[in-house]
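Now for the letters of each chain:
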There are 2 protein chains.
Amino acid sequence: MDAKTLCLGVLSREPATGYDIRKAFQNGPFSHFCGAGFGSIYPALRKLSEDGLIEECPSSPDVRENKKIFSITPAGRKALCDELANPAPLGFEIMRSEFMFRVFFAHMMPQDRIQALFNERKALYHDKLDIIDNLLKKNSILPGEKFIAEMGKTLITAALQFLEKNTETLFALTSPEIGQQP
Amino acid sequence: MDAKTLCLGVLSREPATGYDIRKAFQNGPFSHFCGAGFGSIYPALRKLSEDGLIEECPSSPDVRENKKIFSITPAGRKALCDELANPAPLGFEIMRSEFMFRVFFAHMMPQDRIQALFNERKALYHDKLDIIDNLLKKNSILPGEKFIAEMGKTLITAALQFLEKNTETLFALTSPEIGQQP
DNA sequence: GCGACCATGTAATCTGTTACATGATTAC
DNA sequence: GTAATCATGTAACAGATTACATGGTCGC
């Protein structure tokens with residue numbers, strides 16, 4: 001899914017600035033399953049604008065002059081629908097994970113490094129759960145959005161519980177000091 | 001995690017060809033958390049070879065001439081360790097998911113399309129579970145590898161159960177024919 | 001006044017994906 | 001003999017990440 005489609009998706013919910021879109025990816029309803037940085041978002045907005053899929057809202061006196069609020073056009077909504085309905089290039093994206101790659105090679109890392117990795121990851125999971133819980137508190141939430149928030153919550157909770165239950169077992173089976181072992 | 005590190009990781013377990021590496025990503029122990037295609041693997045192998053991190057095994061009469069079996073060098077093992085231990089650029093990779101993006105916009109899709117999406121996804125999960133179950137049957141499996149296989153199994157099972165339980169609820173809340181709704 | 005946050009954008013680089021191009025071996 | 005699988009690679013293109021560069025507003 002490219003940055004253009006992601007931006008279109010965010011804008012289909014409500015008008016937003018590039019900055020707002022990034023927040024939606026960082027702390028908002030999209031944060032647990034996709035993302036993009038400024039370097040992807042701004043060029044995407046320019047292209048979408050050129051293609052007439054989004055448009056800049058007329059500036060009003062109460063917003064700063066350099067602030068650009070974009071809204072989706074009917075053509076943009078159509079383009080998003082088409083993209084959503086298309087045969088899907090699939091790709092199994094769940095868990096394309098650097099964390100898992102590292103832990104896979106636990107025998108090549110000192111135990112304190114793995115411990116730090118686990119702690120970081122648990123903290124990250126807790127952050128994501130907080131974000132999702134806040135989303136679920138809102139009363140106006142569409143079915144798809146709710147479904148995905150709950151799915152995220154379920155999966156992150158499962159991951160967290162797995163880490164909590166199995167860390168000791170992993171440590172019991174790896175040597176504390178070993179770093180460069182084959 | 002770039003293709004070079006991924007290849008190095010695969011080769012740290014046993015010597016392999018580019019083709020073997022791809023299989024490790026498609027059906028092997030790495031399949032549920034990372035991946036790469038030929039277009040990434042072969043250039044990566046060339047670079048790793050140039051840097052002395054891997055080397056081509058001397059050709060023996062029992063293997064075909066154009067087949068190149070690579071093995072990791074001590075320098076390569078060191079490079080992998082360094083990469084594993086480094087402060088981690090983090091990035092929350094769990095669930096960077098096109099599936100979730102689509103379902104999030106369920107209200108913009110006809111119900112039969114969502115149904116198809118769900119069926120595809122469930123089939124994919126079952127495939128992944130089969131692969132993982134086969135991995136877990138092996139008796140010689142390192143602790144990190146076992147941990148990650150079991151974590152994958154746990155998470156995929158949780159995802160599958162979530163889909164099974166909540167599909168009807170989602171469908172009850174979305175209209176069957178609506179496609180292009182705001 | 002200062003730090004945190006809002007806000008936009010560009011340019012270089014890196015890297016991955018896709019399609020193409022080729023051919024050997026194995027099992028039926 | 002023919003289809004599936006093994007096996008290697010290149011080239012063009014699309015795309016993202018990273019760092020850079022700039023400046024306004026708000027609360028303390």
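Because the structure is a prediction, the values reported are computed rather than measured.

Asks: Tell me what's going on with the protein's contact with DNA strand C, and back it up with residues and numbers.
Replies: As a matter of local geometry, DNA strand C sits amid 17 residues, with Tyr-19, Tyr-42, Lys-67 and Lys-68 of chain A together with Ala-3 of chain B nearest to it. Put simply, 69% of the atoms of DNA strand C that lie within 4 Å of the protein are in sugar or phosphate. Tyr-42 of chain A has a polar side-chain atom sitting 2.8 Å from a phosphate oxygen of DNA strand C. Breaking the surface near DNA strand C down by element, the ones donating at least two residues are α2 (18-26) and α3 (38-50) of chain A together with α3 (38-50) of chain B. Of the residues assigned to the surface near DNA strand C, the class counts are four nonpolar, six polar and seven charged.

Asks: Let's hear about the relation of the copies chain A and chain B: which residues, and what values?
Replies: In the superposition of chain A on chain B (RMSD 0.0 Å, axial shift 0.0 Å), the rotation amounts to 180 degrees. Look at the turn and shift together and you get a two-fold axis relating the two. Comparing contact sets, 99% of the residues at the interface of chain A also lie at the interface in chain B, consistent with an isologous, same-surface contact.

Asks: Would you mind going over the state of the cysteines in detail, with residue names and values included?
Replies: Taken as a whole and assessed by the stated rule, the structure comprises zero disulfides over all chains. The closest cysteine sulfur to the non-disulfide-bonded Cys-34 of chain A is located on Cys-7 of chain A, 9.7 Å from its own sulfur.

Asks: Can you tell me about the interface of chain A and chain B, naming the residues and giving the values?
Replies: At the interface, 73 residues of chain A touch 74 residues of chain B. In total, about 7,100 Å² of surface goes out of reach between chain A and chain B, with carbon and sulfur atoms giving 74% of it. Applying the counting rule to chain A against chain B returns zero salt bridges. Applying the counting criterion to the chain A and chain B interface returns nine residue pairs in polar contact (both at pLDDT 80 or more). Elements with a minimum of two residues in the side of chain A that touches chain B: α1 (3-13), α4 (74-85), α5 (98-104), α6 (111-137) and α7 (143-173) of chain A. Ranked by residues supplied to the side of chain A that touches chain B, first place goes to α7 of chain A with 19 residues. Residues of the side of chain A that touches chain B, tallied by class, amount to 43 nonpolar, 16 polar and 14 charged.

Asks: Describe the pattern of salt bridges, with residues and values.
Replies: Oppositely charged side chains may form a pair once their charged atoms are brought near each other. All names here are of chain B. All chains considered together, the criterion is met by 14 salt bridges over all chains. Here Arg-13 and Glu-145 are joined by a salt bridge, their closest N and O atoms 2.5 Å apart. Note that Arg-13 is positioned in helix α1 (residues 3-13) and Glu-145 in helix α7 (residues 143-173), a separation of 132 residues in sequence. For Glu-145, a relative accessible area of 6% puts it in the buried group. Lys-153 serves as the salt-bridge partner of Asp-133, at 2.9 Å between the closest nitrogen and oxygen. Taken together, the positions of Asp-133 in helix α6 (residues 111-137) and Lys-153 in helix α7 put the pair 20 residues apart, joining distant regions of the chain. On the basis of relative accessibility, which here comes to 28%, the residue Asp-133 falls in the partly exposed class.

Asks: Tell me about the protein's contact with DNA strand D, and name the residues and values.
Replies: Lining the immediate environment of DNA strand D, one finds 17 residues, of which Ala-3 of chain A together with Tyr-19, Tyr-42, Lys-67 and Lys-68 of chain B sit closest. A breakdown of the atoms of DNA strand D within 4 Å of the protein gives sugar and phosphate a share of 70%. Note that a phosphate oxygen of DNA strand D is positioned 3.4 Å from one of the side-chain N or O atoms of Ser-40 of chain A. At 2.9 Å, a side-chain N or O of Tyr-19 of chain B approaches a phosphate oxygen of DNA strand D.

Asks: Just give me the short version of α3 of chain A, but keep the residues and values in it.
Replies: All names here are of chain A. Given a rise of 1.5 Å per residue, 13 residues ought to cover 18 Å, and the 18 Å separating the end C-alpha atoms of α3 matches this to within 8%. Among the residues of α3, those classed as buried are Ile-41, Ala-44, Leu-45 and Leu-48. Angular distribution of buried residues about the axis of α3 spans 105 degrees; they occupy a single face of the element. Residues of α3 that are exposed and point more than 90 degrees away from the buried face comprise Gly-39 and Glu-50. Close packing links the buried residues of α3 with α1, α2, β1 (54-56) and β2 (70-72). Following α3 by one or two positions, Gly-52 has its phi on the positive side, about 75 degrees.

Asks: Pulling in residues and values, what's your account of the nonpolar core?
Replies: Formed by 106 residues in total, the largest nonpolar core has its most connected members in Phe-30 and Met-151 of chain A together with Phe-30 and Met-151 of chain B. In this structure, Met-151 of chain B is in contact with Phe-99, Met-100, Tyr-125, Ala-159, Phe-162 and Leu-163 of chain A, ignoring residues within four places of it in sequence.

Asks: Describe the packing of aromatic side chains, naming the residues involved and giving the relevant values.
Replies: Summed over all chains, the structure comprises 28 aromatic pairs over all chains. Seen from their ring centres, Phe-25 of chain A and Phe-30 of chain A are 6.1 Å apart, and the 85 degrees between their planes marks the pair as edge-to-face. A relative accessible area of 4% places Phe-25 of chain A in the buried class. Residue Phe-30 of chain A is classed as buried on the basis of its relative accessible area, which comes to 0%. A centroid spacing of 6.4 Å and a plane angle of 40 degrees characterise the contact between Phe-30 of chain A and Phe-101 of chain B, whose relative ring orientation is tilted. Taken together, the positions of Phe-30 of chain A in the loop between α2 and α3 and Phe-101 of chain B in helix α5 (residues 98-104) put the pair across two chains. As far as the burial class goes, Phe-30 of chain A and Phe-101 of chain B line up, both buried. Clustering of aromatic rings is evident, with ring pairs tying together Phe-25, Phe-30 and Phe-33 of chain A together with Phe-101, Phe-104 and Phe-105 of chain B. The ring of Tyr-125 of chain A carries Arg-121 of chain A above its face, with NZ or CZ at 5.7 Å from the centroid.

Scoring rules and cut-offs
- Residues numbered from 1 in each chain as written.
- Chains lettered and ligands numbered in written order.
- Predicted model: local features only at pLDDT ≥ 70, side-chain atom pairs only at ≥ 80, totals over all residues.
- Heavy atoms only, no water.
- Near = heavy atom within 4 Å.
- Polar contact = N/O pair within 3.5 Å; in protein donor to acceptor, adjacent residues only side chain to side chain.
- Helix = DSSP H or I, 4+ residues; strand = E, 2+ residues; numbered from the N terminus.
- Nonpolar A, V, L, I, M, F, W, Y, C, P; charged D, E, K, R; others polar.
- Least-squares fit on C-alpha atoms with pLDDT ≥ 70 in both.
- Contact = heavy atoms within 4.5 Å.
- Disulfide = S-S within 2.5 Å.
- Buried area = accessible area lost by both parts, 1.4 Å probe.
- Salt bridge = Lys/Arg side-chain N within 4 Å of Asp/Glu carboxyl O.
- Buried < 20%, exposed > 50% of the residue type's maximum accessible area, 1.4 Å probe, protein only.
- Expected span 1.5 Å × (residues − 1).
- Arc of directions from axis to C-beta.
- Core = buried A, V, L, I, M, F, W, Y, C linked by side-chain atoms within 4.5 Å.
- Phe/Tyr/Trp six-rings, centres within 6.5 Å; stacked < 30°, edge-to-face > 60°.
- Lys NZ or Arg CZ within 6 Å of the ring centre and 35° of its normal.

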